[in-house]
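Commentary on secondary and tertiary structure
In case you want the letters, here they are:
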Amino acid sequence: MSVRQVAILGSTGSIGVNTLDVIRAHPNRFKVVALTAAKQVDLLAQQCAEFKPAIAVVSDADGAARLSKLLLENKINTQVLYGPEALVNAVTDSHCDTVMAAIVGAAGLVPALAAAKAGKRVLLANKEALVMSGDLFMHAMKEGGGELLPIDSEHNAIFQCLPEQFSKEPNPRHGVEELWLTASGGPFRNTPLDQLASITPEQACAHPNWVMGRKISVDSATMMNKGLEVIEAFWLFGLPLEKIKVLIHPQSVVHSMVRYRDGSVLAQLGQPDMRTPIAYGLAWPERIDAGVAPLSLTQLSSLNFAEPELERFPCLSLAFAAAKAGGTAPAVLNAANEIAVAAFLDEGLPYLQIPSVVEEVLNTIPTSSASSLELILSIDARAREAAKAVVKDILCKH
Ligand code: NAD
Ligand code: MG
């Protein structure tokens, strides 16, 4: 068995830490060759001391100086780099064969694309990359000739329920009729609508089933996350949008399903623990111990499924509309959402104004074809500026 050489983009985040947890249990299978983080220098230094990667990357020069000092004190021989270009170096210069793309948001796009182009096995957690540039990303994977393994639990579930050939070359003979993405409905699934106005960041980040980073936790509360996942599924699995359905499933045990022409529905079940899809992606096509407790069906009281209420989750409708519009609309949706969520978390933007910001920005920026990375990045920047202006306006009136 050859040892997989793994680079982790976003190693200090929730997915990054879970990835290292799986790797830690399999030292003969995996070697960590690059780790990256934005600002969490102390945790990154600890990770470097334990896994001794060739390269570590942080966002800025101050962080790099602090990290270098900590590594020197501990006699760790890791090369320290900083800035967005260094994220690409971490993927291309570290001799990795496997890249966990787990930076949150648009910041993860360029290094994830670099991994795709370089023919790596890409473990894709960073759904925003695919939402912004699905067409380019899937082409880059094809050209690079690497393997794309979805880490998002729903997409990982669907990947497991599809025939192996399907992801490479979808064929009507496979009889795939629909993909059913499950969604927990987040912490406010049953909250009376008139109480949503006063939701705080702490309430929004307290997800009932999953422990995740703050941005995706808010996205789960608004269900923008599921909207982004519909777009992600569209690119990953190549089915028309009408065939991708969302189902509320509060227990988060059925991670998603595929309905086939002959009446079969295949589902993947498991604990709500990201180490399962992470281990699946790392070891594919083999299966390894993920450190996850076995699922006990007899201890579950019930499994429920329901249609999402669009009135409660306007972000879901906005995402459907952007998906339908295609081109640069999903990139605009994503950028406006990132700004609105950050403003909710850090600047007091009211929870219910998150969809208002996204909608207004979608209405002001015309959709064009998402034909190049430069164009997508410039639309992303424009949408961010527009969203910041809308946020400022709302905050002034409050
Ligand atoms: P997180 O906030 O916990 O971690 C994000 C990581 O990215 C951190 O290491 C951080 O340092 C790094 N980072 C943030 N901004 C950066 C920047 N500008 N430049 C470089 N690095 C930066 O997020 P997370 O919950 O681990 O999620 C990561 C990605 O995985 C997201 O795209 C999310 O949608 C996706 N995802 C997460 C989960 C989950 O359970 N957490 C599940 C499915 C998908
Ligand atoms: Mg998910």
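This one's a predicted model, so the numbers in the text were calculated from it and none came from an experiment. (Residues numbered from 1 in each chain as written. Chains lettered and ligands numbered in written order. Predicted model: local features only at pLDDT ≥ 70, side-chain atom pairs only at ≥ 80, totals over all residues.)

1. Some details on the domain arrangement of the chain
- Domain parsing of the chain yields domain 1 (4–150), domain 2 (153–185 + 225–308) and domain 3 (191–200 + 211–222 + 311–398).
- Of note, the centres of domain 1 and domain 3, computed from C-alpha atoms alone, are 27 Å apart.
- Taken together, the contacts link 12 residues of domain 1 with 14 residues of domain 3.
- Among the elements that line the side of domain 1 that touches domain 3, the one with the most residues is helix α6 (residues 127–144), at six residues.
- The residue inventory of the side of domain 1 that touches domain 3, partitioned by class, reads six nonpolar, four polar and two charged. (Domains from an automatic or database assignment. Contact = placed C-beta atoms within 7 Å. Helix = DSSP H or I, 4+ residues; strand = E, 2+ residues; numbered from the N terminus. Nonpolar A, V, L, I, M, F, W, Y, C, P; charged D, E, K, R; others polar.)

2. Here we look at the pairing of strand β5 (residues 98–101)
- Burial along β5 is two-sided: the residues Thr-98 and Met-100 and Val-99 and Ala-101 are all buried.
- The pairing of β5 with strand β6 (residues 121–124) spans four bridges and is classified as parallel. The residue of β6 that forms the bridge with Thr-98 is Arg-121.
- Once the chain exits β5 it traverses helix α5 (residues 109–117) before rejoining the sheet at β6, and the crossover so formed is right-handed. (Buried ≥ 20, exposed ≤ 12 C-beta atoms within 10 Å, placed from the backbone. Pairing = 2+ DSSP bridges. Right-handed = clockwise from strand over helix to strand, strands pointing away.)

3. Let's talk about the environment of Ser-68
- Inspection of the secondary structure assignment puts Ser-68 in helix α3 (residues 61–73).
- Residue class for Ser-68 comes out partly exposed when judged on the 19 C-beta atoms lying within 10 Å of it.
- Taking C-alpha positions, Ser-68 is 9.5 Å from Ala-56, a pair spaced 12 residues apart along the chain.

4. With respect to the site of ligand 1
- Close contacts around ligand 1 come from 26 residues, with Gly-10, Gly-13, Ala-107, Met-212 and Gly-213 the closest.
- The set of elements that each furnish at least two residues to the shell around ligand 1 consists of α1 (14–24), α6 and α10 (214–222).
- Examining the composition of the shell around ligand 1, we find that three residues originate from one element, α1, more than from any other.
- Taken together, the residues that form the shell around ligand 1 break down as 12 nonpolar, 10 polar and four charged. (Near = placed C-beta within 6 Å.)

5. As for the nonpolar core
- Ranked by size, the top nonpolar core spans 130 residues in total, and within it Ala-101, Ala-319, Val-332, Ala-336, Ala-340, Val-361 and Ala-387 carry the most contacts.
- The dominant element in this core, judged by the number of residues it contributes, is helix α14 (residues 329–346), at 11 residues.
- Ignoring any residue separated from it by four or fewer positions in sequence, one finds Ala-101 in contact with Leu-9, Gly-108, Ala-112, Ala-115, Val-122, Leu-123, Leu-124, Ala-125, Asn-126 and Ala-129. (Core = buried A, V, L, I, M, F, W, Y, C linked by C-beta atoms within 7 Å.)

6. Observations regarding helix α12 (residues 275–283)
- Taking burial as the measure, the nine residues of α12 include eight buried ones, the bulk of the element.
- Contacts made by the buried residues of α12 are with β1 (4–9), α1, β2 (30–36), β6, β7 (148–150) and α7 (153–161).

7. Let's talk about the sheet that holds strand β10 (residues 254–260)
- Taken together, the four strands give an open sheet; going across it, the order is β9-β8-β10-β11, and neighbouring strands pair in mixed fashion. Of all the strands in the sheet, just β9 (244–248) and β11 (265–269) have a single pairing partner and so form its edges. Put simply, the sheet's adjacent strands are angled 20° from each other on average, direction ignored.
- One ladder, built from five bridges, connects β10 with β11; its direction is antiparallel. Bridging from a neighbouring strand, Val-254 pairs with Leu-269 of β11.
- Across the face of the sheet, α7 comes into contact with β8 (176–183), β10 and β11 while running at roughly 40° to β10.
- Across the sheet, helix α11 (residues 224–237) is in contact with β8 and β9; its angle to β8 comes to roughly 150°. (Axes fitted to C-alpha atoms, helices over the stretch in contact; angles between N-to-C directions.)

8. Notes on the sheet that holds strand β3 (residues 55–58)
- Pairing in this open sheet of seven strands is parallel, and the strands run β4-β3-β2-β1-β5-β6-β7 from one edge to the other. Each end of this open sheet is capped by a strand with a single partner; those strands are β4 (79–82) and β7. Direction aside, the axes of adjacent strands within the sheet are offset by 25° on average.
- The strands that helix α4 (residues 84–92) touches are β1, β2, β3, β4 and β5; relative to β3, the one it contacts most, it runs at about 160°.
- In the packing of α5 onto the sheet, the strands contacted are β1, β5 and β6, and the crossing angle to β6 comes to about 145°.

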